[in-house]
Each structure stands twice: as C-alpha cells, then as structure tokens.
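Chain residues, written in single-letter form:
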Amino acid sequence: MQLGADHVRVRVPATSANLGPGFDSLGLALALYDEVEVRLVASSDVVVEVHGEGAGNVPLGEDHLVVRALRRTMELAGAVPTGIHMTCHNVIPHGRGLGSSSAAVVAGIVAARALLAEPRAVDAATVLALATEFEGHPDNAAPAIQGGATVAWTTDEGPRAVGLDVDPTIEATVLVPDVRLATSRARAALPERVSHGDAAFTAGRAALLVEALARRPELLFDATEDRLHQPYRAAVLGASSELLKALRDEGVPATVSGAGPTVLVLAGPGHRARRDAVLADLVDETAGWRRISPGIDMTGARARRISGNPGALSSGSSGVTGRHVVPGSPAVRGGSMQ
Ligand SMILES: Nc1ncnc2c1ncn2[C@@H]1O[C@H](COP(=O)(O)OP(=O)(O)OP(=O)(O)O)[C@@H](O)[C@H]1O
Ligand SMILES: N[C@@H](CCO)C(=O)O
C-alpha cells in the first residue's frame, strides 16, 4: 500500500470501561483527549517526545505503545516502514482506569490509517480487531474509536461493537486518585469462577443499564450494580473501594472505572444533589484526588492530515517543518470508518 500523507495529527478520548455490570463489554468515551502528531521521515529514526501524562515513564522508541500500534497497522496494510517523529500531548492519566493504553493503541492505528493512500483499506472492523489484539478485550477500544457509549463483544470472526443511546441529562464525573493500578494486577484479582446467582444478577443489571443510559437515568443506581468484578477487586482498589461504598450507601450511581482505581459516577438529574454532598464530604482534592466532570465524547478518535506529500519525506534532521493544512485533506473520523 502506498502512503497518502507524511504528517498527521490524531486525537483520542479517554474511556471508562465496564460501567459496573458490563465487564469487558460496556464502555463510555469521555471528553478528555490525548493528541499525537506523527511525521514520517526518510531516515530510520524513531524519535518520540512526550508531554503531560506518562512523560518520563514511557519508552521513547520502537517500544512506545503508539509506535507499536502504528507499525502493526502499517505492516498489516503492506506499507513500507519509514522513520517516525512523534509528539504526544497526553492528558489521560495512566494506570487509573481511564483507558490510557487503549487511547495510545487507537491513536497509533488511526494515525497509520490516515497516513495511507487508501485509509478505507483498514476498515472499522479491522481497527477494532487491531486494538483488541493489543488490549486483550474490546471494551475501551470501542468507545475510544467511535465515541459515546458502546457494547462490544467477541465473535469467531473477531470483536464487534455497536453504539448505545445516552440520555443527554446524564453527567459523568470521575474521581481520580494519585495512585496507579495496573490493569494486569486488577485482572489477577478476579476468580476463575463465579456463582450462577451472581452471573444472573449481573447480566440483568447490564441489560437494565442499556435502558437506563438511553432513556431512564433514574434507574442508574440499580443498573450500575455489579457482582462479577468489583467485589473481588476491593483489596487492590484501596481508598477507591471505600469511596465507592460511601457513594453507593447514599444512593449515588457509582462504579469502578475500568480496572480502577478511578471511581466513575453516572448521575441523572435526581442524583446530583446527593453526589455533590457526598463528594464535598469525602473527596479532598488537596489530598491526592482529582474530581473531573469531562462530559461524554460523542465523536471518538479523529485523525487529520497535516501534509500529504509522502513522496518527499524529509530527512528528519531539522525538526518539525512545513506544517500546513492541505486544502481538501480528508478528515478521518474514527466513528464513521467503513
Ligand atoms: N499515551 C501512552 N503512551 C505510551 N504508553 C502508554 C500510554 N498510555 C498508556 N500507556 C501504557 O499503558 C500503561 C497503562 O495501561 P493499563 O491498561 O494498566 O491502564 P489504563 O489503560 O490507564 O486503565 P484501564 O485499562 O483500566 O482503563 C501505562 O503504564 C503505559 O505503559
Ligand atoms: N474490562 C477491563 C477494563 C480495563 O482495561 C477490566 O476491568 O479489566
């Protein structure tokens, strides 16, 4: 596959997976964004600059997650490898249950897609399959790609996802502690088996959550109850587990965001006063907690071509040059990829 551009910019939202009972399937895109600018260069250099979250902690070469996802997508599309100069402006906290790894993977995939002469050769199903290959489960990747709330599932042919309606009165609030919890550690806390009763309870709540999100926010408290993962993760969640209990004891629809330790509150109009009262009492923003009300992202990952001249890749030795928007350059929107 030929390249169609040498310089692109992508933006990918944070995501909250599970939403309580939808373990590994439900997810919601949040309007907090990582932005990545990728420039292909003629040398074999891989130069990564990271600003914001993850700066100083993530690898800066071929091992960088965005670079790995970009390389994998280019390889699948049969594009000839080149050097890469990449700048990341990260806002999504790492290891907090807000889908940072998924955002990085999706950023690499949609950047690669936008660099190709025929972006549609990497179709929506392939984008989700590639992201799931990295993540192991599609629940963060689906909303990161298409925005809004999603339900994702896996078939013999690969992962699939559909969007869900979200009532516009629902507010998402995340309480982010300053401690990290690796998803792998939170998954290691899960049992091999659960009881039929707990499985049936949670399946019912997940079905109810689809209706509560779409039209009946007053049902969000019951609809966000879970018995499949949150109880088993209490020990590794620490203070987040106590905050979750305090919110739920007061009737506030709170869940663990993804694998944690962030706590997500999904509040309809009837929940707001209690939410604000509990949070004012319990969340001390001077003691390591951040309270963010990001809004729900409804568009998902976006990529934009900055320069479409891959035939003349620069040597890469002079920094980022020639940045300009090419008139008519296609805006590639992750949510509408066919
Ligand atoms: N923007 C990024 N660039 C490079 N690496 C990243 C980036 N974001 C995340 N990572 C890698 O992914 C790790 C975090 O992934 P992990 O799955 O543990 O948590 P999460 O994705 O933030 O949360 P969750 O999966 O529960 O929503 C980081 O420690 C880092 O190694
Ligand atoms: N469904 C995943 C989300 C985090 O990646 C989990 O709870 O482990």
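Everything quoted here is computed from the prediction, not taken from an experiment.

What counts, and where the lines are drawn
As a convention, each chain's residues are numbered from 1 in the sequence order in which they are written. Think of it this way: whatever chain is written first is A, whatever ligand is written first is 1, and the rest follow in order. Side-chain atom pairs in this predicted model are given and counted only at pLDDT of 80 or more, local residue features only at pLDDT of at least 70, and totals for whole chains, interfaces and linings cover all residues. Heavy atoms from the whole structure form the basis of all side-chain values; hydrogens and water molecules are not counted. UniProt positions are given in the numbering used here, feature names are shortened, and annotations may be inferred rather than shown by experiment. Secondary structure follows DSSP: runs of H or I at least 4 residues long count as helices, runs of E at least 2 residues long count as strands, and numbering of each begins at the N terminus. When accessible area is computed with a 1.4 Å probe and restricted to protein chains, residues below 20% of their type maximum are described as buried, those above 50% as exposed, and intermediate ones as partly exposed. The pairing criterion is simple: DSSP has to find at least two bridges between the two strands. For every domain, the bounds stem from an assignment made automatically or drawn from a database. Note on contacts: a residue pair qualifies if any of its non-hydrogen atoms lie within 4.5 Å across the two residues. Values labelled buried area give the accessible surface lost by two parts on being combined, using a 1.4 Å probe and summing over both. Confidence of the predictor in every single residue is expressed as pLDDT, which spans 0 to 100. The near set for a molecule or strand comprises every residue that places at least one heavy atom within 4 Å of it. Counting of polar contacts relies on pairs of N or O atoms within 3.5 Å, with two restrictions inside protein: one atom must be capable of donating a hydrogen and the other of accepting it, and residues adjacent in sequence are counted only when both atoms are side-chain atoms. Only the protein chains shown count as cover for residues, and all accessible areas are computed by the Shrake-Rupley method using a 1.4 Å probe. The nonpolar class holds Ala, Val, Leu, Ile, Met, Phe, Trp, Tyr, Cys and Pro. Asp, Glu, Lys and Arg form the charged class, and all remaining residues, Gly among them, are polar.

## Looking at the UniProt feature "domain: GHMP kinase N-terminal" (unreviewed entry) in the protein
- Within the UniProt annotation, "domain: GHMP kinase N-terminal" (unreviewed entry) is assigned to residues 65-148.
- The span residues 65-148 shows a helical share of 56% and a strand share of 10%, and its end C-alpha atoms are spaced 24 Å apart.

## Observations regarding the pairing of strand E2 (residues 26-41)
- Most of E2 is tucked away, with 14 of its 16 residues classed as buried.
- Across 11 bridges, the pairing between strand E1 (residues 7-17) and E2 is antiparallel. Its bridge partner lying in E2, Thr15 is registered against Ala29.
- Where E2 and strand E5 (residues 149-155) come together, three bridges link them in antiparallel fashion. Residue pairing for E5: Leu26 is matched across the bridge by Val151.
- Here seven bridges tie E2 to strand E4 (residues 83-90), and the two strands are oriented antiparallel to one another.

## Describing the domain arrangement of the protein
- Its domain assignment divides the protein into domain 1 (7-164 + 296-336) and domain 2 (171-292).
- Averaged C-alpha coordinates put domain 1 and domain 2 at centres separated by 27 Å.
- Counting residues at the interface gives 24 residues for domain 1, matched by 35 residues for domain 2.
- Here domain 1 packs against domain 2, burying approximately 2100 Å² in sum over the two surfaces, 62% of which is carbon and sulfur.

## Overview of the environment of Thr82
- Positionally, Thr82 belongs in the loop between helix H1 (65-77) and E4.
- Classification of Thr82 by relative accessible area gives buried; the value is 15%.
- Sequence separation of Thr82 and Arg71 is 11 residues, and the distance between their C-alpha atoms is 9.5 Å.
- Not counting chain neighbours up to four residues away, the residues in contact with Thr82 comprise Leu3, Leu40, Val41, Ser43, Arg71 and Leu313.

## Brief notes about unusual backbone geometry
- The residue after Gly260, namely Pro261, is reached through a cis peptide bond having omega 5°.
- Within the chain, Asn18 stands out as a residue other than glycine whose phi angle is a positive 80°.

## Examining the confidence of the model for the protein
- Averaged over the protein, the pLDDT score is 91; the fraction of residues at 70 or greater is 91%.
- Low confidence marks residues 317-338, where pLDDT is under 50. Its contacts with residues over four positions away, or in another chain, come to 44 contacts.

## Re the site of ligand 1
- Near ligand 1 lie 20 residues; those nearest to it are Gly95, Gly99, Ser100, Ser101 and Thr183.
- Within the contact set of ligand 1, a nitrogen atom lies 3.3 Å away from a side-chain nitrogen or oxygen of His64.
- For ligand 1, the protein covers 82% of the area, taking 630 Å² as the surface of the free molecule.
- Here the shell around ligand 1 gets three residues from one element, more than from any other, and that element is helix H2 (residues 100-115).
- Among the residues making up the shell around ligand 1, the classes are represented as seven nonpolar, 10 polar and three charged.
- Residues lining the shell around ligand 1 come from more than one domain, with at least three contributed by each of domain 1 (7-164 + 296-336) and domain 2 (171-292).

## Description of the UniProt feature "binding site: ATP" (unreviewed entry) in the protein
- Following the UniProt record, one finds the feature "binding site: ATP" (unreviewed entry) at Pro93, His94, Gly95, Arg96, Gly97, Leu98, Gly99, Ser100, Ser101, Ser102 and Ala103.
- Its location among the elements puts Ser100 in helix H2.
- Discounting residues that sit within four places of it in the chain, Ser100 has contacts with Ile92, Pro93, His94 and Gly95.
- With respect to the helices and strands, the residue Ser101 is situated in helix H2.
- In contact with Ser101, not counting residues within four places along its chain, are Leu65 and Glu135.

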